[in-house]
Amino acid sequence: MSRLSGSRWRGQVEEAGFDVEHVDERPHEPAFWHRLYRLWLAHADDLRRELGQDQADSMLFEAGRVLPNLDGRRAVALTLRRR
């Protein structure tokens, strides 16, 4: 856990009154989101037809905003305990 001590979220967790009980590394999750966002963008017209303009636009906006920042990202699931 020592390599996580510099993580940006650690201070937020502690300020909110929690202790980190467990960190679950999710190494394949960024690649999953990368593939999913690329599919959304490639099939934008299908999304609009199936889900409607507003929902599809929301999803496509998310994909356009998040996808460029996925490289080098790390995914973890935290188990927290309130102090």
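See the structure printed just above.
None of these values were measured; they are calculated from a predicted model.

Calculation notes
Counting starts from 1 at the beginning of each chain's written sequence and moves along it residue by residue. Thresholds applied to this predicted model are a pLDDT of at least 70 for local features of residues and 80 or more for the giving and counting of side-chain atom pairs; totals over whole chains, interfaces and linings are not thresholded and use all residues. The basis for the side-chain values is all heavy atoms of the structure; hydrogens and waters are excluded. Burial status follows relative accessibility: with a 1.4 Å probe on protein chains alone, a residue under 20% of its type maximum counts as buried, one over 50% as exposed, and anything between as partly exposed. In DSSP terms, a helix is any run of H or I states spanning at least four residues, a strand is any run of E spanning at least two, and both are numbered starting from the N terminus. Relevant arc is that of directions from the helix axis to the C-beta atoms, nothing else. Here, residues are in contact when the closest pair of their heavy atoms is within 4.5 Å. Helix span, as expected, comes to 1.5 Å for every residue beyond the first.

K.L.:
In this structure, what is going on with helix α1 (residues 8–15)? I would like to understand it.
P.N.:
In an α-helix, one full turn covers 3.6 residues, which means residues spaced three or four apart are oriented alike. All buried positions along α1 are accounted for by Trp 9, Arg 10 and Val 13. Looking straight down α1, one finds that the buried residues subtend no more than 110° of arc, so they occupy a single side. Exposed positions of α1 whose direction lies more than 90 degrees from the buried face are Arg 8, Gln 12 and Glu 15. Its buried side turned inward, α1 meets β1 (18–25) and β2 (76–82). One or two residues past the end of α1 sits Gly 17, with phi positive at roughly 90°.

K.L.:
Is there a simple way to think about helix α4 (residues 53–66) in this case?
P.N.:
Over its 14 residues, α4 runs 20 Å from end to end, which matches the ideal 20 Å to within 8%, given 1.5 Å per residue. Buried within α4 are the following residues: Ala 56, Met 59, Leu 60 and Ala 63. Buried positions in α4, seen along its axis, are confined to an arc of 95° and lie on one side of it. More than 90 degrees from the buried face of α4, the exposed residues found are Asp 54 and Phe 61. The inward-facing, buried residues of α4 abut α2 (29–42) and α3 (44–51).

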